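# Overview (structure and organization)
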There are 2 protein chains.
Amino acid sequence: MSVASVEDLHVLVDAAMGRIPVDTLFVNAQVVDVYGHRVVPGAVAVKDGIIVGVRFDGRDDAPLPQAERTIDCDGRYLAPGFIDGHLHIESSNVRPAEYAQMALARGTTTAIADSHEIANVCGLDGLHFMIEDAQRAPLDIKFMMPSCVPALPDEQAGATITAEDMRAFMGEHAGAVFGLGEMMNTPGVIGADDETLARIDAASLTTSGLVDGHAPLVAGAELDAYTTCGIIADHECTRPEEALDKLSRGMYIMLREGTCSHDLAALVPLVAEDPARMRRCCFATDDRAPSDAQATGMIDNACRMAIAAGIDPVDAITMATLSTAECFCLEHGHGGAHEHRGAIAPGKRADLLVLDDLSFQEPPAQVYTAGTLVAERGRFVGAIAPAGEKVAQLEALLRNTVHLPQLAPEVLVYDFHPGEPVIDVVPGNAVTGVVRPESAEGLRRIMLIERHGRAVEAQAAGIDGDGPAGVGLVGKHVGCGWVRGFTITDGAIASTVGHDSHNVCVVGDNPGDMRVAVEAVGQGGFVLVHNGAVSARLDLPLGGLMSDKPADEVAREHDAFVVAARAQGIEAPLDPIMGMIFLPLPVIPSLRIRPEGMFDTVSYTYV
Amino acid sequence: MSVASVEDLHVLVDAAMGRIPVDTLFVNAQVVDVYGHRVVPGAVAVKDGIIVGVRFDGRDDAPLPQAERTIDCDGRYLAPGFIDGHLHIESSNVRPAEYAQMALARGTTTAIADSHEIANVCGLDGLHFMIEDAQRAPLDIKFMMPSCVPALPDEQAGATITAEDMRAFMGEHAGAVFGLGEMMNTPGVIGADDETLARIDAASLTTSGLVDGHAPLVAGAELDAYTTCGIIADHECTRPEEALDKLSRGMYIMLREGTCSHDLAALVPLVAEDPARMRRCCFATDDRAPSDAQATGMIDNACRMAIAAGIDPVDAITMATLSTAECFCLEHGHGGAHEHRGAIAPGKRADLLVLDDLSFQEPPAQVYTAGTLVAERGRFVGAIAPAGEKVAQLEALLRNTVHLPQLAPEVLVYDFHPGEPVIDVVPGNAVTGVVRPESAEGLRRIMLIERHGRAVEAQAAGIDGDGPAGVGLVGKHVGCGWVRGFTITDGAIASTVGHDSHNVCVVGDNPGDMRVAVEAVGQGGFVLVHNGAVSARLDLPLGGLMSDKPADEVAREHDAFVVAARAQGIEAPLDPIMGMIFLPLPVIPSLRIRPEGMFDTVSYTYV
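Now for a look at the structure at hand. Source: prediction; values computed, not measured.

### A short note on the interface of chain A and chain B
Listed as interface residues are 82 residues of chain A and, on the opposing side, 82 residues of chain B. Buried surface at the junction of chain A and chain B, summed over both partners, amounts to about 6400 Å²; 56% is from carbon and sulfur atoms. Its largest share of buried area at the contact with chain B, chain A owes to A:Thr228, A:Arg279 and A:His332, together 12% of the area lost on that side. For the pair chain A and chain B, the number of links is 12 salt bridges. Between B:Arg249 and A:Asp60 there is a salt bridge, with the nearest N and O atoms lying 3.0 Å from each other. Counting across the chain A and chain B interface gives 45 residue pairs in polar contact (both at pLDDT 80 or more).

Structure representation (C-alpha cells):
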C-alpha cells in the first residue's frame, strides 16, 4: 500500500472533507509547523490515528469538521511527537514495554532501537523478545537488526549473528526489522571484509533498507570508504569539525545526549553556525538510565539543552521530528499514512505533543500516539497489553544466561607493572583515555570474566591444571588490568552489563570484595560490595541486562545503588552504573578491558 | 540490494581506500557542499559511476587515490547535477532521446517525467515508447505513470488508463515506472471517488511509491483531503501564500519556471523570507519549448532567476539538487548507490557539473552523468544509442493518430452572443481568466475538434443528417467559442497539441483561414495560415505531439513559426505555440474550450 487501503483512504478523505465526523479535533492550538518553520494558531483534526486536517487561523476560515471529541488546547503548543534516532532499550535496564512508558511520558513517540545488547547475549531470540514485548505498548519502536554481534569477530559474546542469520530471521519475520543497526565494525567496512559487506547488503531485506552508522573519529579516506557504503547516520561525533566532516559526506548527525555520553552541547555550534544544517541533524539518547529518563527526560531533554545552547525552539523541535523522520525515510514515500510522521500535516500519524511552552523544562502536558492520549505531565496514562504466551516463551529464553567459572582468591590478586597502560575514565563520555602511571596509587583493579559458557567449559576441560581455580583462564577468558578515575573505595562493583559482549566486569580497590561482588552477581545485574558484604544491588535477570520490574522500581533501585556507590567514593559526574558499562567496549577509543586482557581499540592490539 | 552487490561494494570501498585506482579524480575544485551548506576547495573521486571520495582542503590531508584520469577544475566550481522535479517531454515537441541532449546540455542529469500527453493519445503504448526511447540517452529519466488519462472522466481523449491498466503495465514492466504522475483530478480525490483512490493506491507498485500532485488554488478542507492521500508535491502554486498553505501541509513546492508558466519569481519570497523552507522547495520546468531550453536553459535557468531574485546561489543549487532528491526519495534509502543522488558525497551517483561561476548566465562548462562527460558549454557530447527494433516498433504505434471529421465551411461560422463567457488569455501563465464582453471586438474564434476517431465515427453514423458536414458534431465533438488576448490577424493557428486530450485546437480571426489550418494539420503539429495559405508549420508526427527530428531542427522550426506568428499579430509575451496548448486544458482555472463547448473549470460546468 502506498498510503492505506482504498477503503481506509475513503474514510480519511471523507473525514477531511467533513462528510463524516473526525475522531478528535484539537482547537485553539499554537501549531508548530516544522515545514513552514513557524508557529501558527490553528486547529488539527484526527481520524483513525491519522491527521486529516490542519487549519491555520486567518487562512482557513471554512467551518471545522464535526468531531467526536474536541480538545481545547487553550493557546498551548501542539508539536509533532519526538523521534529518538538511536537508542538501546537494554541500557535503561528495563524491558521494551516498560521503556515505552518512560519514553512516551517524555514525548518520544517513535524510537529507533538497536537491540544489540540482548542480541550479544541471546542472539536473535533476544531481538525477537524485544520486538514482541514492544508490541504491548503504544510507543512505535522500530527495531534495527544488530549488525555487529559480536562487536568484533573475536569477541567472547553469547552469540554470533551472520549475514545469513539476518536473512533467515528477516525471511521468517517479514516486516519486523526496520533497518540494519549501527555498523561499528569500521575495520571490516574499510577493509571490505566480505562478511561485513554481506551484512550491509542484507539491509535490503529490511523495511527501510537503511544502514545506521557508528564511526567515532573516522575521517579522510576511511570516512569516504565508510560512507561509500551508504551508511546514513552517526551518533558518535564529539566535536563540530568531526560532525561537519561526516555531514558533508551525506551522513545525518545525531547530537547525542544520553546518560553516559553528553555530546550535544559540544556539537551545537554545527547548527548554530548555520541553521540550514538542521535538515541533516537529529537527536539521540543512545543509552539512558531510567532515573535520568524520569528526572530530566529523553529527547525533550535534548531539546531543552539545545535551546539553552542557543538553538531556536522551532529548530530544535524540527531536528527532533522532521529531520529524524527524513533520516529514516519515515516522512513520506513507501509505507503509508500510518507510517508517515515527523510533522503535523494531513496524511501523517497523529503523534502529537501538547506543550505549555517551548522551553522543555517540564514533561509534555499531553502526549498522543496515533491520536490516542498516552501520557500526561510525565505520567504514562496509556494501555499496556498483558504479556501473552509468545512473550512469556521468549522471555524464558532470556533467563539463566550467566555462567561463571570458579575463581580462586589468587586469580584476583595481581601486580601493577610501572608504566603499564591503564584505562583513564572520562566521566560522562563513552570514550576513554589511556595513561601509563609509574605506580598503582589511585588506581583500581578491573577484571572482565567471560560468562557465556566458554570459561566454564574450559575449566571443566582442565584448563587450570593443578593450579588454583581460574588461574588457567587468565588472559584467555579472564582479563586483568587497572583503571584510573573509577574511585570505588572499601569495596567493589560487579556487573553483567558490559558492552557489547556483556561479560562480567568488576572494579574494586581490593581482591576480596571483588570476589564477593562477582559471586553475588547471580543471574545478572549490578552488585555493590562494601567491606565484604553486598551494600546495594540491581537485579537484571533478563539476559543480565534488563529487569523484569516496572521502570519506576528500577529507577528507584538505580538511584539507591548510586547513593550507596557515592558513599563508597564514586563522585559525580561519574555514574557508578553507566560509567562502568562501557569499560569493556572494544569499538570506542582508546583503551578497554577484554577477557584476554587490556586492548587498544585504536590500533586493535592487546597491550 | 540496499547499496550495490557485495562485489560492487568491494570495488567501491577498495577505490575509496586507495587500494585500487579510481576512474576519475576532480582536483582543484570549489566543491558545492549542499549538506554543509557551503563551498569548500577540495577533490572528488569517482569509481564505476559512483562518488567514492570527497576530500576537503585543510581537513583531509591524506594523499589522494591514484586515478586513471585526473581533471583539473582549475578553481572552478563542482556542483551536483540538477534534478528537474516535474516535466513533460512532449511539451518540448521532441522525443526522449532528443530531450535528453537538451536537458543534459543545461545540467539536468535527472528528470522526473510525466508522459501523460502521449498517454492521452496512445495510452500505455505511448508511455512504453517514452521509456524505451529514453534508454538511448545518458539522462536518467524517471517516468511517472500518468494518473489522469483522460484528464477528466468525460474528456474525449485517445485513451483511458484505469488503476487496473496501471497495475497490469507495472506488472509487465517491473521497475520501469517510478511513481504516479501528477494527480490532477482534484474533484475525484476530494470526492473520494473509488477509481481515483484506486489509482493512488496503485502507486504502491511503483519504484518510489510516490504520488505527485497538481493542485492549483486548492486550499482549506479540500487541500486537507488532497494531502491526506499522501500526495507529495505541487508545481501549480502562483503565490507565496498558496505555496505556504501547501508546504505547511507537507507538500514539496516546485517553483516552476517553464515556457508557458513563469511562477518562480512570484514564489521566491516563500524561500527568501525564510531560507529554512528551501528543504521543501524544488524547481521544475513542467513545459519547455526547445528553443527556450537551448537559449535560456532548464533548471539552470531557474537557478539563475532565483539568484537574480535574491536567493543565495548555494541555496538555489540546494533546491535544484538535494531538496528535489529528498522529495523523490532519491537521496538515500532503498535503491542503492547507483540510484542515490542530490549531492556530492560518497555513495552517490557521480552526476556532476563543472561551473565557471555560480551565476548560471552560461550553460555548465561540463556535465557528467554517472562519471561520464556528456556535455560541454551547452553542447551535448555524450553518446546516444541507435533506436533499436523495439523502439521502432513502439514508434510506429505513435504515428497516424489524427482522425478528423469533414467540416463544411458553415461549421466555422458562428455568432458572438453579447455577454457570453470568453477565455481571457494570461500570457506566460497556464491559468486563464474569464470575461463577458458586450461585443466581439478584439476577440478571436476558438474551436476544438475531436481527433481520436469519435467525430469520424459519429459522422459515418450519420450525425450530420442532411445538414452540411460537421454541423451535427457541434457541441458534441466540435466545440466553438471565443478568446480574448490571442491576437492572430489575417489568419489562423491550428494544432494537435492541446492539453491534455490533444484534440485539434484552432484559433483565428476568420473562418476561412481556420478551415485551411485544420485541413493542413495532417498527421500532427502546428500550422500557421496567412490569408488562405500555410505560412509556417511544425510537423509533429509522433502522436501529433513530438517531432521525429533532432532537437536543434525542431528549435529552428519552432523559432521560425514564432517569427511568422509575430508577423501576424501575436505579440510577446504571448507565445503562439505554448500560449495555445493550454487553452483546452480542463483542469486549470478558469475557462477552457472542450469538444462540447466552453467549460468553467472552477465549477466544472459548461457555460
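### Re the relation of the copies chain A and chain B
In the superposition of chain A on chain B (RMSD 0.1 Å, axial shift 0.0 Å), the rotation amounts to 180 degrees. The transformation just described matches what one would write down for a two-fold rotation axis. If distances are taken from each C-alpha of chain A to the rotation axis, the shortest is found for A:Ala276, at 3.0 Å. When you check the interface residues of chain A against chain B, 100% turn up at the interface there too, and the contact is symmetric in its surfaces.

### Some remarks on the packing of aromatic side chains
Residue and element names in this part refer to chain A. On inspection of all chains with the given rule, the structure shows 16 aromatic pairs over all chains. Ring plane angle 70 degrees and centroid distance 6.1 Å describe the contact between Phe526 and Phe561, whose orientation is recorded as edge-to-face. Residue Phe526 is found in strand S24 (residues 525–530), and its partner Phe561 is found in helix H17 (residues 551–566); the two are separated by 35 residues along the sequence. Grouping residues by exposure puts Phe526 and Phe561 together as buried.

### Structural notes on the packing of helix H4 (residues 124–134) of chain B against helix H14 (residues 389–397) of chain B
Residues and elements named next belong to chain B. Between H4 and H14, the shortest axis-to-axis distance is 9 Å and the interhelical angle comes to 145 degrees. The interaxial crossing formed by H4 with H14 has left-handed handedness. Contact with H4, carried on its side by Asp125, His128, Phe129, Glu132 and Asp133, involves Lys390, Val391, Leu394, Glu395 and Leu397 of H14 and no other residues of that element. The residue makeup of the contact of H4 with H14, split by class, is four nonpolar, one polar and five charged.

### So, the environment of A:Pro584
Residues and elements named next belong to chain A. Mapped onto the fold, Pro584 is located in the loop between helix H18 (578–581) and strand S26 (591–594). The exposure class assigned to Pro584 is buried, which follows from its relative accessible area of 3%. Those residues in contact with Pro584 that lie beyond four places of it in its chain are Leu448, Gly498, His499, Cys505, Arg592 and Ile593.

### Considering a negative patch on the surface
A cluster of acidic residues, A:Glu7, A:Asp8, A:Asp48, B:Asp193 and B:Asp194, forms a negative patch on the protein surface. Mapped onto the elements of the fold, A:Glu7 is located in helix H1 (residues 6–16). By relative accessible area, which is 55% here, A:Glu7 ends up exposed.

### Things to note about the sheet that holds strand S13 (residues 281–284) of chain B
Residue and element names in this part refer to chain B. If you trace the three strands from one edge of the open sheet to the other, you get S11-S12-S13, paired in parallel fashion. If you trace the sheet from one side to the other, it starts and ends with strand S11 (233–234) and S13, each paired once. Inspection of the sheet shows strand S12 (residues 252–256) paired to S13 by four bridges, in the parallel sense. Paired with Leu255 across the two strands is Phe283, which belongs to S13. The sheet contacts of helix H13 (residues 313–327) involve S11, S12 and S13, and relative to S13 the element is tilted by about 100 degrees.

### Here's the deal with the pairing of strand S22 (residues 491–495) of chain A
All names here are of chain A. Counting buried positions along S22 yields five of five residues, so the element is predominantly enclosed. Residues Gly491, Ile493 and Ser495 line one face of S22 and the alternating positions Ala492 and Ala494 line the opposite face, and both faces are buried. Inspection of the sheet shows S22 paired to S24 by five bridges, in the antiparallel sense. Residue Ile493 lies in a different strand from S24, and its bridge partner there is Leu528. The sheet contact formed by S22 and strand S23 (residues 504–508) spans four bridges and is antiparallel. Residue pairing across strands places Ser495 opposite Cys505, the latter belonging to S23.

### Structural notes on the side chain of B:Asp245
You can see B:Asp245 is positioned in helix H9 (residues 240–247). When residues no more than four places from it in sequence are discounted, the contact partners of B:Asp245 are A:Arg59, B:Ala219 and B:Leu223.

### Concerning the sheet that holds strand S23 (residues 504–508) of chain B
All names here are of chain B. An order of S19-S18-S21-S20-S23-S22-S24-S25 is seen for the eight strands of this open sheet, with the pairing classed as mixed. Edge strands, defined here as strands with exactly one partner in the open sheet, are strand S19 (432–435) and strand S25 (533–539). Adjacent strand axes in the sheet meet at a mean angle of 25 degrees when their direction is disregarded. Sheet strands in contact with helix H16 (residues 511–520) are strand S20 (443–449), strand S22 (491–495), S23, strand S24 (525–530) and S25, and its direction is about 30 degrees off that of S22.

What counts, and at which threshold
- Residues numbered from 1 in each chain as written.
- Chains lettered and ligands numbered in written order.
- Predicted model: local features only at pLDDT ≥ 70, side-chain atom pairs only at ≥ 80, totals over all residues.
- Heavy atoms only, no water.
- Contact = heavy atoms within 4.5 Å.
- Buried area = accessible area lost by both parts, 1.4 Å probe.
- Salt bridge = Lys/Arg side-chain N within 4 Å of Asp/Glu carboxyl O.
- Polar contact = N/O pair within 3.5 Å; in protein donor to acceptor, adjacent residues only side chain to side chain.
- Least-squares fit on C-alpha atoms with pLDDT ≥ 70 in both.
- Phe/Tyr/Trp six-rings, centres within 6.5 Å; stacked < 30°, edge-to-face > 60°.
- Helix = DSSP H or I, 4+ residues; strand = E, 2+ residues; numbered from the N terminus.
- Buried < 20%, exposed > 50% of the residue type's maximum accessible area, 1.4 Å probe, protein only.
- Axes fitted to C-alpha atoms, helices over the stretch in contact; angles between N-to-C directions.
- Left-handed = near helix turned anticlockwise from the far one by under 90°.
- Nonpolar A, V, L, I, M, F, W, Y, C, P; charged D, E, K, R; others polar.
- Patch = residues over 30% accessible without salt bridge, like charges linked within 9 Å, V, L, I, M, F, W, Y side chains within 5 Å.
- Areas by Shrake-Rupley, 256 points an atom, 1.4 Å probe, with all protein chains shown as cover.
- Lys, Arg positive; Asp, Glu negative; His and termini not counted.
- Charge placed at Lys NZ, Arg CZ, Asp CG, Glu CD.
- Pairing = 2+ DSSP bridges.

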